[in-house]
Amino acid sequence: MQYIPPNNLRGHDLASLLAARGLPADWLQVNDFDPHSPQNVARYTYSEVAALVPFHYRSAVPTLPELRQWIDGLVVAAQDAQAERHSPIASVTHGPSLLLLGVTGVGKTYEAYGAMRELAVTGVRAQWRVTTAADLYAALRPRHGIDSEAEFRSYRDAPLLLVDDLGAEGKPSAFTEEVNFRLINYRYERQLPTLFTSNAAAGQLRERLGDRVTSRLREMCQRIAIKGTDRRRAA
Ligand SMILES: Nc1ncnc2c1ncn2[C@@H]1O[C@H](COP(=O)(O)OP(=O)(O)O)[C@@H](O)[C@H]1O
Ligand SMILES: [Mg+2]
């Protein structure tokens, strides 16, 4: 793992994330030149995550206790696996998935990016791929010069995956249902941690995603219903 000098993270809004983890504000500033130190793993992981988080969500912090518990569980599992395998660093490889449900504007995407940012400063390696469901389908549409299977595998195999706005397009087409099924079934069987968000009500999931997808999601995900109204309207 590459050594990331502490001043590379200057300007990122990290104080509240570190405080939430009970870490000192200068925790990431240690200049020990050890690429495997938890601080360097955090700096490296955070630098990658910062490139994935859209500008609007650059200061997001998770507020739901369930998300914090999810992060804690992933960190502990990564550290246990590290001890067992005598690995130089702890990496997230397996864990439960989450489904964040709520109406448009309630804060699903905010919580998801907040969780990504908070997990990144824990000192555990977390490699993410992020997409909206709509962008995923667009990226996988068979077209000239694109190996859509290779593209699919890059999402399927990601150690951690965010699929934002699943089921937003109403009824699935044969194509979107197939993509959802193959992606979710693969990650379900291998317990690859995935964060899904959807603005569907719990009772609408089946109609928006189909039976096969809904039943797998039900088993693999803890569901978190975010209560509230559209924050964008309030603003
Ligand atoms: N806990 C929060 N604190 C501050 N702003 C928030 C919070 N949750 C959401 N927001 C803001 O509210 C708006 C809607 O949140 P967003 O996550 O985009 O909604 P959704 O993904 O559920 O449609 C965004 O501008 C977001 O930055
Ligand atoms: Mg959203």
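Quick look at the structure, then. (Residues numbered from 1 in each chain as written. Chains lettered and ligands numbered in written order. Predicted model: local features only at pLDDT ≥ 70, side-chain atom pairs only at ≥ 80, totals over all residues. Heavy atoms only, no water.)

Focus: the overall build of the chain
Along its length, the chain carries ten helices and five strands. Principal axes of the C-alpha set define a box for the chain whose edges measure 55 × 45 × 35 Å. When each of the 235 residues of the chain is scored for burial, the buried share is 47%. Considering only contacts in the chain between residues 6 or more positions apart, those separated by 24 or more positions represent 82%. If you sum the accessible surface of the chain, you get close to 11,500 Å²; carbon and sulfur atoms cover 51% of it. Side-chain charges in the chain split into 28 positive and 26 negative, and the spacing between the mean points of these groups amounts to 4 Å. (Helix = DSSP H or I, 4+ residues; strand = E, 2+ residues; numbered from the N terminus. Buried < 20%, exposed > 50% of the residue type's maximum accessible area, 1.4 Å probe, protein only. Contact = heavy atoms within 4.5 Å. Areas by Shrake-Rupley, 256 points an atom, 1.4 Å probe, with all protein chains shown as cover. Lys, Arg positive; Asp, Glu negative; His and termini not counted. Charge placed at Lys NZ, Arg CZ, Asp CG, Glu CD.)

With respect to the nonpolar core
The biggest cluster of nonpolar side chains holds 40 residues, and the ones touching the most others in it are Trp70, Leu119, Trp128 and Leu195. Secondary structure elements with two or more residues in this core: α1 (15-20), α2 (38-52), α3 (65-85), β1 (97-101), α4 (108-120), β2 (128-132) and β3 (160-164). Setting aside residues no more than four positions away along its own chain, Trp70 makes contact with Pro96, Ser97, Leu98, Trp128, Leu160, Pro193 and Leu195. Within the second largest apolar cluster, 24 residues are counted, among which are Leu140, Phe152, Leu205 and Leu217. (Core = buried A, V, L, I, M, F, W, Y, C linked by side-chain atoms within 4.5 Å.)

Looking at the site of ligand 1
Neighbouring ligand 1 are 13 residues; Tyr57, Gly105, Lys108, Thr109 and Tyr110 lie closest to it. Note that an oxygen atom of ligand 1 is positioned 2.7 Å from one of the backbone N or O atoms of Gly105. The contact in question runs from an oxygen atom of ligand 1 to an N or O atom on the backbone of Tyr110, over 2.8 Å. Protein contacts shield 80% of the accessible area of ligand 1, which totals 560 Å² for the unbound molecule. (Near = heavy atom within 4 Å. Polar contact = N/O pair within 3.5 Å; in protein donor to acceptor, adjacent residues only side chain to side chain.)

Quick notes on unusual backbone geometry
Not every positive phi belongs to a glycine, and His86 is a case in point at roughly 50 degrees. Phi angles above zero are rare outside glycine, and Asp165 is one such case at about 60 degrees. By the secondary structure assignment, Asp165 is in the loop between β3 and α7 (174-190).

Here's the deal with the sheet that holds strand β5 (residues 221-225)
The parallel open sheet is built from five strands, whose spatial order is β2-β3-β4-β1-β5. In this open sheet, the two edge strands, each paired with only one partner strand, are β2 and β5. Neighbour-to-neighbour, the strand axes of this sheet turn through a mean angle of 15 degrees, independent of strand direction. (Pairing = 2+ DSSP bridges. Axes fitted to C-alpha atoms, helices over the stretch in contact; angles between N-to-C directions.)

Re the environment of Met1
Inspection of the secondary structure assignment puts Met1 in the segment before α1. For Met1 and His36, which are 35 residues apart along the polypeptide, the C-alpha to C-alpha distance reads 7.0 Å. What Met1 contacts, discounting residues up to four positions off in sequence, is Pro35, His36, Asn40, Val41, Tyr44, Ile89 and Arg125.

Read these as geometric descriptors, not functional statements.
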